[in-house]
Amino acid sequence: MLYKYIVVWLLFSLGVQAQKKQNKFKDAFKASLIVASDFSYKLQKDALQKSEIILKPEFSYKLNRSSKFVLKSQLYTELNDNLEKGVPEENMVSDFSKRLFIGDRTNLELRELFFYTNIKNKLRLTIGKQQIVWGETDGLKLLDVVNPQNFREFILDDFEDSRIPLWSLKAEFDIGNIGVQLVWIPDNTYHITQGFDAPFFTKNLFQLPPEGIPAVINKVEKPKRFINDSDIGFKLSTFTKGWDLSLNYFYYYDDLPTFYNELQTTETNNPFVAINPKFERQHLIGGTFNKVFGSLTFRGEVIYIFNQNLPSTNLNAARGIETSNIFKSAIGIDYIKGENIISAQLFSDIITDNILPYNRDLFETNISLKVSREMMNDAFNAEMLWVQNANHGDGYMKPQISYWVDTNTQLFLGSSIFYGNESNLFGQFKDRSRISFGMRWGI
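Everything numeric here is computed off the predicted structure, so don't read it as measured data.

What follows concerns the nonpolar core. Grouped together as the largest cluster of nonpolar side chains are 31 residues, with contacts concentrated most on Phe250, Leu284, Tyr396, Phe418 and Phe426. Elements supplying a minimum of two residues to this core: strand S8 (178-185), strand S11 (243-253), strand S15 (296-311) and strand S19 (380-389). If near-sequence neighbours (up to four positions away) are discounted, Tyr396 is found in contact with Gly139, Ile155, Leu156, Leu385, Trp386, Val387, Ile417, Phe418, Tyr419 and Phe426.

Have a look at this one:
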């Protein structure tokens, strides 16, 4: 009879251990899903500009108190195949970061896949495909240069969605009261810009050749070396006397190529312009600062870029390009009173050398204003973002209202309105102004 009790005890013990492992897995494994839809109509032509449905599953597994794996993916479908027509070649994207296209209208993307660990509360490592965010400006990016961007919707998409995550290593630790962040990025992926027939093709990237002279765009010269062509940088941050401060440095390839151009002739002596895009190295140094004064927050970002290549109208410029250092700054004030938030920003962009840049001034200024209000116990939100270029008078406005139907479902209605001369950055899209509506649902 004794063996029966032993067998029962063994089965009970195994069951308890299995239950513990099951409970442990349930506690360690987390999963979520966001389903979003967004439909946009052009105001001028009353035509469908965008019809996208997005599924964003996210998974995480906690190995222990200090380590975890995170996976974020995205299934994207655009019903009318308008923003990115056909299957993009993605020449600017490394093989390990390319999307998997299923037909012309659907793609599957690994957004993030990284391992995070905290070693003895002294060293924090994030290894894998990830977003590394520097800077917190609204509407326009300044210091947020680590990850390239998909310009499928110009700058209208949310920053988090428009960033292209990169395979990288981020190490964080403290030296006294200074936080240190080191980044190494061997992923040779750069901005995704759109084709000539896309709604948000940015046509002012380079000069058009004289009328009657054709242009030939040659294959881009892209970095390929795993180690030597990696991007590296660091961020030092501290808090002192009420100020949050950071110092940033980045050695990287500009995410937009330099469009060198040369006037050449064919075998039959017919002239044409050969455009030779090439990615070039840059050094950037910058920083951030912010401090709270009651209901006001004063904040700012500054960067200094060394030897930026710029298209030039100078007839003596070598291959149509001149080089200058550039100083950029953004000063912002946020006012928070109850459910109301008002944020104003002043952006300055200064070319330090006396050159003749194409389609811009040596000193450019942009201003922005963002106003938002929460109502109905934070279920209803109304906001307006306005960005204006002070030099050329072009800009855009982006009003939006959203409503949480329940804790999982949000509806939104908004608009994006561009204005100004079509030769300028924002004005070129004035016939792309639109009204949008959609929903977000998550579990």
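Don't stop here, the text continues.
A word on a nonpolar patch on the surface. A cluster of nonpolar residues, Tyr41, Leu43, Leu48, Ile401, Leu413, Ile435 and Phe437, forms a patch on the protein surface that exposes about 550 Å² of accessible area. Among the structural elements, Tyr41 can be located in strand S1 (residues 29-42).

A few words on the environment of Arg225. Relative to the assigned elements, Arg225 resides in the loop between strand S9 (215-217) and strand S10 (231-240). The class for Arg225 is partly exposed, based on a relative accessible area of 47%. Distance in space between the C-alpha atoms of Arg225 and Asn188 is 8.6 Å, their sequence separation being 37 residues. In this structure Arg225 touches Asn188, Ser230 and Tyr253, once residues within four positions along its chain are discounted.

Note on aromatic pairs: each is described by the distance of the centres and the angle between the planes. Enumeration over the complete set of coordinates arrives at 21 aromatic pairs. Aromatic pair Trp243 and Phe293: ring centres 6.3 Å apart, planes at 75 degrees, arrangement edge-to-face. Of the two residues, Trp243 is situated in strand S11 and Phe293 in strand S14 (residues 281-293); the sequence distance between them amounts to 50 residues. Members of the aromatic cluster, connected to one another through ring pairs, are Phe154, Phe200, Tyr396, Phe418, Phe426 and Phe429. Sitting over the face of the ring of Tyr76, Arg152 holds its NZ or CZ atom 4.4 Å from the ring centroid. Positioned above the aromatic ring of Tyr251 is the side chain of Arg281, whose terminal nitrogen or guanidinium carbon lies 4.2 Å from the ring centre.

Scoring rules and cut-offs
Residue indices follow the written sequence of each chain, beginning from 1 at its first position. Totals for whole chains, interfaces and linings use every residue, but because this is a predicted model, local features are given only for residues with pLDDT of at least 70 and side-chain atom pairs only at 80 or more, for both listing and counting. Heavy atoms from the whole structure form the basis of all side-chain values; hydrogens and water molecules are not counted. Throughout, nonpolar core names a set of buried Ala, Val, Leu, Ile, Met, Phe, Trp, Tyr and Cys residues whose side chains join them through atoms within 4.5 Å. Note on exposure labels: buried denotes an accessible area under 20% of the residue type's maximum, exposed denotes more than 50%, and partly exposed covers the range between, all computed with a 1.4 Å probe on protein chains only. Strands are runs of DSSP state E lasting at least 2 residues, helices are runs of H or I lasting at least 4, and numbering of each runs from the N terminus. We call two residues in contact whenever any of their non-hydrogen atoms come within 4.5 Å of each other. Patch criteria: residues need more than 30% relative accessible area and no salt bridge. Like-charged residues are merged within 9 Å; nonpolar side chains of Val, Leu, Ile, Met, Phe, Trp and Tyr are merged within 5 Å. The protein chains shown are the only cover counted for residues, whose accessible areas, like all others here, come from Shrake-Rupley with a 1.4 Å probe. Salt bridges are defined by distance alone: a side-chain nitrogen of Lys or Arg within 4 Å of a carboxyl oxygen of Asp or Glu. Pairing of aromatic rings covers Phe, Tyr and Trp, the last through its six-membered ring, and needs centres within 6.5 Å; plane angles under 30 degrees mean stacked, over 60 mean edge-to-face, and all others mean tilted. Remark: a charge is flagged as sitting over a ring if the NZ atom of Lys or the CZ atom of Arg is within 6 Å of the ring centre and within 35 degrees of the ring normal.

Nothing here speaks to function; it is all geometry.
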